[in-house]
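Below, each chain spelled out in residue letters.
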Amino acid sequence: VPLRERPGGKVIATLRPRTEWRSPTVLSVVERRGAWAGVPTPHRRDGELGWVRLDPRRLVAGSVPWEIRVDLSEFRLELLRGERVVRRFPVTVGAPGSPTPTGRFAVTDTFRGGLNPAYGCCAVALTARQARLPSGWMGGDRIAIHGTDGPLRGAISHGCVRARDADVAALVKRVPPGTPVVITR
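Residues numbered from 1 in each chain as written. Predicted model: local features only at pLDDT ≥ 70, side-chain atom pairs only at ≥ 80, totals over all residues. Heavy atoms only, no water.

**Observations concerning the state of the cysteines**
Thinking step 1. This model, assessed by the stated rule, comprises 1 disulfide.
Thinking step 2. Put simply, C121 and C122 are joined by a disulfide, and their sulfur atoms are 2.2 Å apart.
Thinking step 3. Given a relative accessible area of 26%, C121 falls into the partly exposed group.
Thinking step 4. Here C160 is not cross-linked by a disulfide; its sulfur's nearest cysteine counterpart is in C122, at 13 Å.
Thinking step 5. The class for C160 is buried, based on a relative accessible area of 14%. (Disulfide = S-S within 2.5 Å. Buried < 20%, exposed > 50% of the residue type's maximum accessible area, 1.4 Å probe, protein only.)

**Observations regarding the packing of aromatic side chains**
Thinking step 1. Taken as a whole and judged by the stated rule, the model has 1 aromatic pair.
Thinking step 2. With a centroid separation of 5.7 Å and an interplanar angle of 85 degrees, the aromatic rings of W21 and F111 are classed as edge-to-face. One end of the pair, W21, is in the loop between β2 (11-14) and β3 (31-33); the other, F111, is in strand β10 (residues 103-112), with 90 residues separating them in the sequence.
Thinking step 3. We classify F111 as partly exposed; its relative accessible area is 21%.
Thinking step 4. Positioned above the aromatic ring of W66, the side-chain terminus of R81 is 5.0 Å from the ring centre. (Phe/Tyr/Trp six-rings, centres within 6.5 Å; stacked < 30°, edge-to-face > 60°. Helix = DSSP H or I, 4+ residues; strand = E, 2+ residues; numbered from the N terminus. Lys NZ or Arg CZ within 6 Å of the ring centre and 35° of its normal.)

As far as function goes, none of this settles anything; it's purely spatial.
Below is the structure:
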């Protein structure tokens, strides 16, 4: 599926059936303009939507009941089902020099086990990217919500949102790719 910079605009990427980490490619629609859907994507800068033509021969419509909300100033993550908060827990967020980006994003992949121990038990990869990578950082520029055994309720990460393993495991168990994620200050 061609991903465009605006409805009918220049193609900026071609979306494959699977992500770079082999999850099914699922899009979260944030805006509609006629036959076009605006979607958060790691192929654009944070805050910029990619656009896909709503073609039922190439795309299957669906919905997810979940939404993740992260409040950076409160160091809090909430998992919602519809309008009801089903889980709320403390998090660590990006340091001033490598802040967690704000905006509307989506889950692209979930991971259980087999991760670098620094990421805890599991992780939820997002469409968000870290625009201000720390010098020497080798972990890539994608933002994730991942486990930690370190301190919580602080601004000390390289941009990722960290939480207790049990809390991240609960997210991984529930949220599929395409789940909307809203990060606010």
